Amino acid sequence: MMAKPLCMVPGKELPDAAEDFRSAKRIEQYRISGKALYFPEGLRWKYLPFSAIDRAEESFRVISAGHCVPVREKRPELDLTVGSETVHLQLEKAASMQAVVELLKTASVL
């Protein structure tokens, strides 16, 4: 049996978080349902309910690699504002970013 997912925002817990997690769609290392976004944390999962998200903005991060010939690569990122904090959803593929954005629009977060 899986451990119950932990809510990242006290007071915003989902009453059916374990059931909601099972219905969530996998996008890269994350899971996203109609109610929350799930983040892996070791052998457990933590979640951010959509009701706690104040704003979501598309962004990117720059990955630098190489010593002799520097290589810089942009990777998609979604910045989620939750109260006074920002949660960064780091993705590898632009297609994954679009899938997450579409799911957030469906859930009326964006």
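Residues numbered from 1 in each chain as written. Predicted model: local features only at pLDDT ≥ 70, side-chain atom pairs only at ≥ 80, totals over all residues. Heavy atoms only, no water.

Participant: Please clarify how the pattern of salt bridges should be interpreted in this entry.
Facilitator: Between side chains of opposite charge, a pair can form when the charged atoms approach closely. A complete count under the given rule lists four salt bridges for this structure. The partner of Lys46 in a salt bridge is Glu41, with the nearest N and O atoms 3.4 Å apart. (Salt bridge = Lys/Arg side-chain N within 4 Å of Asp/Glu carboxyl O.)

Participant: Can you help me understand helix α2 (residues 94-106) in this one?
Facilitator: Because the α-helix completes a turn every 3.6 residues, residues three or four places apart line up on one side. Here α2 spans 19 Å end to end across 13 residues, near enough to the 18 Å set by a 1.5 Å rise per residue. When we look at burial in α2, the residues that qualify are Ser96, Met97, Val100, Val101 and Leu104. Relative to the axis of α2, the buried residues are bounded by an arc of 135° and lie together on one face. Opposite the packed face of α2, turned more than 90 degrees from it, sit the exposed residues Ala95 and Thr106. In the core, the buried residues of α2 are packed alongside β2 (25-27), β3 (30-32), β6 (55-65), β7 (71-82) and β8 (85-90). (Helix = DSSP H or I, 4+ residues; strand = E, 2+ residues; numbered from the N terminus. Expected span 1.5 Å × (residues − 1). Buried < 20%, exposed > 50% of the residue type's maximum accessible area, 1.4 Å probe, protein only. Arc of directions from axis to C-beta. Contact = heavy atoms within 4.5 Å.)

Participant: Got a minute to help me understand the packing of aromatic side chains in this structure?
Facilitator: Centre-to-centre distance and the angle between the planes together describe a pair of aromatic rings. Using the criterion set out here, one finds four aromatic pairs in the structure. Judged by centre distance (4.9 Å) and plane angle (50°), the ring pair of Phe21 and Trp45 falls under tilted. Residue Phe21 is located in helix α1 (residues 17-22), and its partner Trp45 is located in strand β5 (residues 44-49); the two are separated by 24 residues in the primary sequence. Between Tyr30 and Phe39, the aromatic rings sit 5.5 Å apart at their centres with planes inclined by 80°, giving edge-to-face as the arrangement. You can call Tyr30 buried: its relative accessible area is 8%. We classify Phe39 as buried; its relative accessible area is 7%. In this structure an aromatic cluster arises from ring pairing among Phe21, Tyr38, Trp45 and Tyr47. (Phe/Tyr/Trp six-rings, centres within 6.5 Å; stacked < 30°, edge-to-face > 60°.)

Participant: Looking at this structure, how should I read unusual backbone geometry?
Facilitator: Glycine aside, the phi torsion of most residues is negative, and most peptide linkages are trans. The phi torsion at Glu28 lies on the positive side, around 55°, for a residue other than glycine. Looking at the element boundaries, Glu28 is found in the loop between β2 and β3.

Participant: Which parts of the structure should I look at to understand the side chain of Glu77?
Facilitator: Looking at the secondary structure, you find Glu77 in strand β7. There is a polar contact of 3.3 Å between the side chain of Glu77 and the side chain of His88. Here the side chain of Glu77 touches Gln90 through a polar contact of 3.4 Å, side chain to side chain. What Glu77 contacts, discounting residues up to four positions off in sequence, is Glu57, Glu58, Ser59, Phe60, Arg61, His88, Leu89, Gln90 and Met97. (Polar contact = N/O pair within 3.5 Å; in protein donor to acceptor, adjacent residues only side chain to side chain.)

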